[in-house]
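# Observations on the model geometry
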Number of protein chains: 2
Amino acid sequence: MPVYNAPVEDTLFVLHEVLKVHENKELEGYDELTQDLTSAILEEAGKLGTEVLAPLNSVGDGGCTLENGVVRTPEGFQEAFNHLRDGGWTALASDPAYGGQGMPGVIHAAAGEYHSSANMAFMMFSGLTHGAYRTIHAYGTDAQKDTYLEKMATCEWTGTMNLTEPHCGTDLGLLRTKAEPQDDGSYKISGQKIFISAGEHDMADNIVHLVLARIPGGPEGVKGISLFICPKIMVNEDGSLGQRNGVAVGNLEEKMGIHGNPTCVMNYDDATGYLLGEPHKGLRAMFTMMNQARMDVAGQGLYQASAAYQVAAEYAKDRLQGRAVTGVEAPEKPADPLIVHPDVRRMLLDQKAFVEGARAALLIAAELHDTIGRSQDTAKREAADDMLGLLTPVLKGFFTDKGFDMTVQAQQIFGGHGYIKEWGMEQFVRDARIAMIYEGANGVQALDLVGRKLAHKGGAVLMGFFDMIKKFIKENEGDEALDRDFLGPLKQASKDMQAAAMYFMSEGMKNPNNALAGSSDFMHLFGHVLLGWSWTRMAIASKAALNGGTSNPDFYENKIRTGRYYMSRSLPETGMRLARIQSGADPVMDIPAEAF
Amino acid sequence: MPVYNAPVEDTLFVLHEVLKVHENKELEGYDELTQDLTSAILEEAGKLGTEVLAPLNSVGDGGCTLENGVVRTPEGFQEAFNHLRDGGWTALASDPAYGGQGMPGVIHAAAGEYHSSANMAFMMFSGLTHGAYRTIHAYGTDAQKDTYLEKMATCEWTGTMNLTEPHCGTDLGLLRTKAEPQDDGSYKISGQKIFISAGEHDMADNIVHLVLARIPGGPEGVKGISLFICPKIMVNEDGSLGQRNGVAVGNLEEKMGIHGNPTCVMNYDDATGYLLGEPHKGLRAMFTMMNQARMDVAGQGLYQASAAYQVAAEYAKDRLQGRAVTGVEAPEKPADPLIVHPDVRRMLLDQKAFVEGARAALLIAAELHDTIGRSQDTAKREAADDMLGLLTPVLKGFFTDKGFDMTVQAQQIFGGHGYIKEWGMEQFVRDARIAMIYEGANGVQALDLVGRKLAHKGGAVLMGFFDMIKKFIKENEGDEALDRDFLGPLKQASKDMQAAAMYFMSEGMKNPNNALAGSSDFMHLFGHVLLGWSWTRMAIASKAALNGGTSNPDFYENKIRTGRYYMSRSLPETGMRLARIQSGADPVMDIPAEAF
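As the structure is a computational prediction, the values presented were derived from the model and not from experiment. Per chain, residues are indexed from 1 in the order of the written sequence. To read the labels, note that chains go from A and ligands from 1, taken in the order they are written. It should be noted that, the model being predicted, local features are given only for residues of pLDDT at least 70 and side-chain atom pairs only at 80 or more, the latter also being counted only at that level, while totals for whole chains, interfaces and linings use all residues. Where side-chain values are given, they derive from all heavy atoms of the structure, hydrogens and water being excluded.

Helical segments are the DSSP runs of H or I of at least four residues, strand segments are the runs of E of at least two, and each set is numbered from the N terminus. Broken down by element type, chain A carries 20 helices and 11 strands. Note on method: radius of gyration uses C-alpha positions; expected globular size equals 2.2 Å times residues raised to 0.38. Expected size for 596 residues packed as a compact globule is a radius of gyration near 25 Å; at 24 Å, chain A falls within 12% of this value. Across the 596 residues in chain A, those meeting the buried criterion constitute 64%. By the convention used here, residues are in contact when the closest approach between their heavy atoms is within 4.5 Å. Considering only residue pairs separated by 6 or more positions, chain A has 74% of its internal contacts joining residues 24 or more positions apart. Each accessible area value is a Shrake-Rupley result obtained with a 1.4 Å probe; residue values ignore everything except the protein chains displayed when judging cover. Split by element, the accessible area of chain A, about 21300 Å² in all, is 49% carbon and sulfur. Charged residues are defined narrowly, with Lys and Arg counted positive, Asp and Glu counted negative, and His plus the chain ends left uncounted. Working definition for charges: the position is that of NZ of Lys, CZ of Arg, CG of Asp or CD of Glu. One way to put it: in chain A the 54 positive side-chain charges average out to a point 5 Å from where the 77 negative ones average out. Burial classes: relative accessible area under 20% of the type maximum marks a residue as buried, over 50% as exposed, and values in between as partly exposed (1.4 Å probe, protein chains only).

Encoded structure:
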């Protein structure tokens, strides 16, 4: 079974040499993130991942069971959940007013990677809880916050999000679940929700469901949707638990992967719910949760790729098969290790270059998130919010598409052994697959990006991104190797991206389908520019370390080599994406529906 | 559960309007392939697929069981296997001297698509048998042929291929299974083989294992490997069955998919085996089987994509979600069908354009195969053999990589419903995944292509391919729309391919890794040129039909539209592949193994 080792050195490099978090005086709490502290946290987080969570990953693949309305999680999950709670990991970045430790999100993201790499299905329990926590924190009344937040920060109670119904997922305007107002100010909720992760389970005293429903008489479509808190067990005035509420699991879905997390059909039958935020404005509130969830899911793409890559790299160094074409490398052995073969290296480097680049990009995004929550400067907060809004669909869509592909590559290195369960590689593929679908399928992310985010503030946010890249290139030009291997390719990729945006602007005006037909290509194009920029930042930091006479030059030289691989072999994809985009709507739209 | 409908009209179009099989006077048996006959065969084949095999696909996903050495296939498989046998489908293209019907391979391939689309795991039983049949047919003594071929043509007995051992798959030079010569001319075989599809099951009276093993005292490495026939049950002189042979299933692998076919660990314990072909030349003989198997597996990529695409297209026309951005299309319904959305169409068209293009290319390859077996012209036979040798790794690697991606796209259209088992979409993904791995992992195909096939006959075969494309373009130039939409893009793609080959030639001489680092990219580049050429041939045939005043213009116009999609949105990938190839060996090789 796969062994997982936390890539602490790589994470520390991004935090302290690329982002330089410890030098950041502007964001509250960043100055406490000394290398001593972060490395202590990351080492501990890695230990939990390696020792407790990773061994449960294949156990979890055996699935949850439903019997008489009770969902049993896989053996060992409860104990592990206690470890996670007791270690304070769930409340690392939560509000100290409600039992949290108040640390910057960037360290929570950095540490959380290891747990989710080690066991994705398991980490969904606390991940969704954190999203629900944030939504109540943002929109709840003081009484609601007092009732729920502390228990949720510590995961004593877990949370869920209830959007999808059998006939509607993406198109929430169609949803039918009803919320009838009661005299006491509460509501009675009735309806069926599907695909509810961790909707019912045996690891928490209570489960706090956030539920989208319609208050009768409200507007039709998405403008008549409200958000409700609906606890599994009613909470008494004194905070103690009362009776069961009218919500129950109806079924567990049989699915492709993430078997360690129960995907529930939830039946609401006059369940008591409490309005969260304003009536009919539930979607806006839910987006708080969804944006967080989208970042979490973006991470899952990276995390599964990272975990799968590690195992594949070890296998490629260990498994003997064939001989290097340039001459025997291990004459004392019956064959050379797989890693001598260029095509095996290509697969490994695709993975390695994606994983390390994506890690940097995700921590850059976490820093933006912290800026929104921790900067004293209103303009900077707003700019960060805009930029993160622009990047969120790219991170979610690109990272999960790529992350899945990379688990497939990792599996491929094992040959037939990758297809059988024994080695655990096929589980990575099955688990990673969901990330392309949930929290808004990747096509919906592309639509959000091209149909909404590009035009936000009249395109000023996108222009801000281009300006940032341009300025970055200008500021760092002058080193021959850097110009050739990094800044040049980045400039070309950014040019492709601008040409694509220009095409959308001119041709999308004539026919919006000219833009939408290329939305997914643009999302990928953008993703490559983002990773190209992240890699260039890492290359610059590595050069600085080498020039500064580091005691560990191999680490930095290999960083630069890996980055060069990304720039020379992954970035050329931007040209292909641009060509597809510029072919416009006609090839996509001119075939009548009945011809499919 | 997915419904499957055989795309008979599309197949007939390729057979009679692109290949014009009925006009081919040169290949024996082609003149009998009238449209009346082929459509009758295809309709019947489709019926078997739709009515018998497709409903068993999800049943088969429940898996086989092993109990006391007996492997039980899923319920209904035995009866379906009788249908397949009784309908004469297994012997359609087999030698009439041994109970076959002697039809051209092209019609066997055309009809076989439907069966394998309907149920891939099921069709592996007869597919492997056919490969074993061909190997005995090519290398067996008359006595061996008399003993085995008729029973195998009809699948009364099935066949297997036994190559892989726990410590070696790709590198067969390492294999250890021993074959001790006996006084009576037979051998005693001892060793363990793994990943043996249909190694043991309950659907045939006997199983004929073809086994690679070493005769003691022979050369080391691949030059000391011999091939043996090793029946599960000994065959008496009179052809009746005798005692059990010393071969038994040790275990069934738990795996990601193709659960309907048992993947066996086979233990040989002094099993009686009979040398097939010459001693120490087993690999050459096995390649007969492998080349056939590679073509079969290439097909699986297409077939799974085709089956998944059908279901996805129906769902996209049926499922209501969101509104068209250019204006409501179904005002009477609560929402428009998914197919109004450009990004959904993009996914469907990626699939449709691949499936139809790949079908044409595969039937072109089947025609080459028939040329080898049926042409009276030695030079044409040799040329066809060379060309098919060049194309085989491309078809296997490119089709299965793409086929898998297309099942993932098809699944994606279902959103969350694609991830749960209920709709059957995730099974297509799990099943299609194996095709990238077995019969030589796709990296091995790329190595075979670039490391061996390109240099075959001093590069003359590759040059022959380029000349053929060039001549084809020249002969068809002059129609403005065809030039712009098809011939122009094909020319560009072919130019990219020639530039890549040129790079390999000049830089690969300096360092073979310069070629091998780009081998997988070249395989994909080649695949696109092949499909671009196939699509151009289909476009030309469609224009001819339209000019000829067809009664069904929609069919041909939509063919041209689908082809245009492929040319404008898939073919630009060749430029990216070329850029990767030209980045050479350094980015792939310069990182030391310990840095992974």
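What follows concerns the relation of the copies chain A and chain B. Superposing copies: least-squares fit, C-alpha atoms only, residues required to have pLDDT of at least 70 in both. Placing chain A over chain B gives an RMSD of 0.0 Å and needs a rotation angle of 180°, together with 0.0 Å of translation along the axis. Here the symmetry operator amounts to a two-fold rotation axis. Considering only C-alpha atoms, the residue of chain A closest to the rotation axis is M576(A), which sits at 3.1 Å. Looking at chain A, 100% of its interface residues are interface residues in chain B too, so the copies touch through the same face.

Here we take up the interface of chain A and chain B. Contacts between chain A and chain B engage 89 residues on the former and 89 residues on the latter. Of the roughly 7600 Å² buried between chain A and chain B, counting both surfaces, carbon and sulfur atoms make up 61%. Two parts lose some accessible area (1.4 Å probe) when they are put together, and adding that loss for both gives the buried area. It is Y419(A), R569(A) and F596(A) in chain A that bury the most area against chain B; as a group they hold 12% of the surface buried on that side. By salt bridge we mean one thing: a side-chain nitrogen of Lys or Arg within 4 Å of a carboxyl oxygen of Asp or Glu. The tally of links from chain A across to chain B stands at six salt bridges. A salt bridge links D590(A) to R564(B), with the shortest nitrogen-to-oxygen separation between them at 2.7 Å. What qualifies as a polar contact is a pair of N or O atoms within 3.5 Å, subject to a donor-acceptor requirement within protein and to the restriction that residues adjacent in sequence count only when both atoms come from side chains. Across the chain A-chain B interface, the total number found is 47 residue pairs in polar contact (both at pLDDT 80 or more). Tallied by class, residues from the side of chain A that touches chain B come to 42 nonpolar, 23 polar and 24 charged. Basically, the charged four are Asp, Glu, Lys and Arg, the nonpolar ten are Ala, Val, Leu, Ile, Met, Phe, Trp, Tyr, Cys and Pro, and anything else, Gly included, counts as polar.

Our focus in this paragraph is the pairing of strand β5 (residues 187–197) of chain A. Residue and element names in this part refer to chain A. In terms of strand pairing, strand β4 (residues 178–181) meets β5 through four bridges, oriented antiparallel. Looking at the pairing, A179 lines up with I189 of β5. DSSP bridges decide pairing: two strands pair if at least two such bridges lie between them. Counting the residues in the hairpin turn of β4 and β5 gives five residues, including G185, whose phi is positive at 90°. By the bridge criterion, eight bridges tie β5 to strand β11 (residues 263–275) in an arrangement that is antiparallel. Considered in β11, the bridge of I189 is made with A271.

Once that is clear, we can look at the domain arrangement of chain A. Residues and elements named next belong to chain A. As far as domains go, chain A holds domain 1 (285–441) and domain 2 (453–588). Placing the centre of domain 1 and that of domain 2 at their C-alpha centroids yields a distance of 18 Å. Contacts between domain 1 and domain 2 engage 26 residues on the former and 26 residues on the latter. For the pair domain 1 and domain 2, the summed buried surface comes to about 2300 Å²; carbon and sulfur atoms form 72% of the total. At the junction of domain 1 with domain 2, the criterion picks out four salt bridges. One salt bridge connects D386 with K457, and the closest N-O pair in it is separated by 2.6 Å. At the surface where domain 1 touches domain 2, the tally comes to nine residue pairs in polar contact (both at pLDDT 80 or more). Only α9 (342–374) and α10 (378–413) provide two or more residues apiece to the side of domain 1 that touches domain 2. With 14 residues, the single largest contributor to the side of domain 1 that touches domain 2 is α10. Among the residues forming the side of domain 1 that touches domain 2, the class breakdown is 15 nonpolar, three polar and eight charged. For the domain bounds, the source is a domain assignment made automatically or taken from a database.

Right, let's talk about the packing of aromatic side chains for a bit. Note on aromatic contacts: the rings of Phe and Tyr and the six-membered ring of Trp form a pair at centre separations within 6.5 Å, being stacked when their planes are under 30 degrees apart, edge-to-face when over 60 apart, and tilted otherwise. Tallied over the full model, the rule gives 37 aromatic pairs over all chains. Here, a charge over a ring is recorded when the distance from Lys NZ or Arg CZ to the ring centre is within 6 Å and its angle to the ring normal is within 35 degrees. Stacked on the ring of F404(B), the Lys or Arg R433(B) has its end atom at 5.7 Å from the ring centre.

All names here are of chain A. Across the interface, α10 lies against helix α17 (residues 519–547) with an axial gap of 9 Å and an inter-helix angle of 95°. Taken together, the axis directions place α10 and α17 in an arrangement best described as roughly perpendicular. Along the contact surface, α10 presents L390, L391, P393, V394, L395, G397, F398, F399, D401 and K402, while α17 presents M523, H524, F526, G527, H528, L530 and L531. Considered class by class, the residues forming the contact of α10 with α17 number 11 nonpolar, four polar and two charged. Here the axes come from fitting lines to C-alpha atoms, over the contacting stretch only for helices, and the angles between their N-to-C directions go from 0 to 180 degrees. Oblique is the label for any angle not covered by the other classes, which are roughly parallel (under 35 degrees), roughly antiparallel (over 145) and roughly perpendicular (65 to 115).

Residues and elements named next belong to chain A. Counting through the fold element by element, Q144 comes out in helix α7 (residues 142–153). Q144 sits in the buried class, given a relative accessible area of 10%. The residues contacting Q144, other than those within four sequence positions of it, are I136, L149, I229, Y274, L275 and L276.

Together, M463(A), M502(A) and M505(A) give the surface a local cluster of nonpolar side chains, amounting to about 300 Å² of exposed area. By secondary structure assignment, the location of M463(A) is in helix α14 (residues 460–476). Within this analysis, patches are made of residues with over 30% relative accessible area and no salt bridge. Like charges are joined at 9 Å or less; nonpolar side chains (Val, Leu, Ile, Met, Phe, Trp, Tyr) at 5 Å or less.

Right, let's get into the environment of T90(B). Residue and element names in this part refer to chain B. Along the chain, T90 turns up in the loop between α4 (77–86) and α5 (105–118). The class for T90 is buried, based on a relative accessible area of 9%. Between the C-alpha atom of T90 and that of I41, which follows or precedes it by 49 residues, the distance is 13 Å. The contact partners of T90, leaving out residues within four places of it in the chain, are L84, H108, S126, H130, A153, T154 and C155. A polar contact is formed between the side chain of T90 and the backbone oxygen of A153, at a distance of 2.8 Å.

Turning our attention to the environment of A481(A). Looking at the secondary structure, you find A481(A) in helix α15 (residues 480–510). Contacts of A481(A), omitting those with residues within four sequence positions, involve F486(A) and K543(A).

On to helix α6 (residues 120–139) of chain B. Residue and element names in this part refer to chain B. An expected span of 1.5 Å times one less than the residue number is assigned to each helix. In this model, α6 (20 residues) spans 28 Å end to end at C-alpha, consistent with the 28 Å of a helix rising 1.5 Å per residue. In terms of residue burial, α6 counts as a mostly covered element, since 15 of its 20 residues are buried. Its side-chain oxygen at 3.1 Å from the backbone nitrogen of F122, N119 defines the N-terminal cap of α6.

Residues and elements named next belong to chain B. Relative to the 16 Å expected for 12 residues at 1.5 Å per residue, helix α7 (residues 142–153) spans 16 Å between its end C-alpha atoms, a close match to the ideal helical length. Q144, K145, Y148, L149, M152 and A153 are the residues of α7 that are buried. Looking straight down α7, one finds its buried side chains confined to an arc of 120°; they lie on one side. α7 presents A143 and D146 as exposed residues on the side facing more than 90 degrees away from its buried surface. Where α7 is buried, its residues meet α6, β3 (157–162), β6 (206–214), β7 (225–231), β8 (233–235) and β11 (263–275). C155 sits one or two residues past α7 and shows a positive phi near 60°. Directions from the helix axis toward the C-beta atoms define the arc.

What follows concerns the pattern of salt bridges. Think of it this way: side chains of opposite charge can pair up when their charged atoms draw near. Scanning all chains against the criterion turns up 71 salt bridges over all chains. K352(A) serves as the salt-bridge partner of E356(A), at 2.9 Å between the closest nitrogen and oxygen. Of this pair, E356(A) and K352(A) are both found in helix α9, four residues apart, which corresponds to roughly one turn of the helix. For K352(A), a relative accessible area of 7% translates into the label buried. Across the pair D448(A) and K453(A) runs a salt bridge, and its minimum N-O distance is 3.0 Å. Summarising the burial analysis for this pair, D448(A) and K453(A) share the class buried. A single network of salt bridges, built from pairs that share partners, joins K402(A), D521(A), R569(A), E573(A), R577(A), R580(A), K402(B), D521(B), R569(B), E573(B), R577(B) and R580(B).

Following the sequence through the fold, G451(A) ends up in helix α13 (residues 442–453). Those residues in contact with G451(A), other than ones at most four positions away along the chain, are A446(A) and L516(A).

This brings us to the side chain of E200(A). Residue and element names in this part refer to chain A. Relative to the helices and strands, E200 is located in the loop between β5 and β6 (206–214). The exposure class assigned to E200 is buried, which follows from its relative accessible area of 4%. Looking at E200, its side chain comes within polar contact range of the side chain of K232, at 2.7 Å. Not counting chain neighbours up to four residues away, the residues in contact with E200 comprise G69, V71, I207, K232, R244, V249, P262 and C264.

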